[in-house]
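Tertiary structure, described
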Amino acid sequence: MDTIGLLTNYLRVARGRTDFHQSHQNLYSAILICFGKALFQNPFRISRRELMAFSAIRSYATYHKCLNGLVKAGLIDYRPSFHPKQASNILVIEKVRKIDVI
């Protein structure tokens, strides 16, 4: 699935949810940027530092809250490495949903 389709899936999931904020969208957009840099290989390795820089999130608590929100929404699968020199794995889940006509 292309990046536009993935972003459209995010917007469908986030629509009407009060627990999703701008920081969730920023983090998901940063994940998609890094996904593109990894040549769309799924899963791909990424560091917290790089994601926080791309998403302009400065708080570790906000980063983890948003990351957990994206996992619970079924948009990504996150596998932390717990190793200081090894990056974590993120799997971007490609959902195919029926397009709502407005």
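Attention here is on the structure that accompanies the text. Worth saying up front: this structure is predicted, and the values here are computed from it rather than measured. (Residues numbered from 1 in each chain as written. Predicted model: local features only at pLDDT ≥ 70, side-chain atom pairs only at ≥ 80, totals over all residues. Heavy atoms only, no water.)

**Let's talk about the sheet that holds strand β3 (residues 88–92)**
Sheet strands line up and pair through hydrogen bonds in the backbone, either parallel or antiparallel. Short version of the rule: The pairing criterion for strands is at least two bridges between them, as found by DSSP. Elements are defined by DSSP. Helices are runs of H or I of four residues or more, strands are runs of E of two residues or more, and each kind is numbered from the N terminus. Axis definition: a line fitted to C-alpha atoms, over the contacting stretch in the case of helices. Angles run 0 to 180 degrees between N-to-C directions.
Spatially, the three strands line up as an open sheet ordered β1-β3-β2, and their pairing is antiparallel. Looking at strand neighbours, the two that pair on one side only are β1 (44–46) and β2 (76–79), the edges of this open sheet. On average, adjacent strands in this sheet sit at an angle of 30° to one another, irrespective of strand direction.

**Some words on unusual backbone geometry**
For the bond from Asn42 to Pro43, the omega torsion is 0°, close enough to zero to count as cis. In this model, Phe40 sits at a positive phi of 60°, which is unusual for a non-glycine residue. With respect to the helices and strands, Phe40 occurs in the loop between α2 (22–37) and β1. In this structure, Phe82 is a non-glycine residue whose phi angle is positive, near 60°. Its place among the elements puts Phe82 in the loop between β2 and β3.

No statement about biological role is implied by the geometric values presented.
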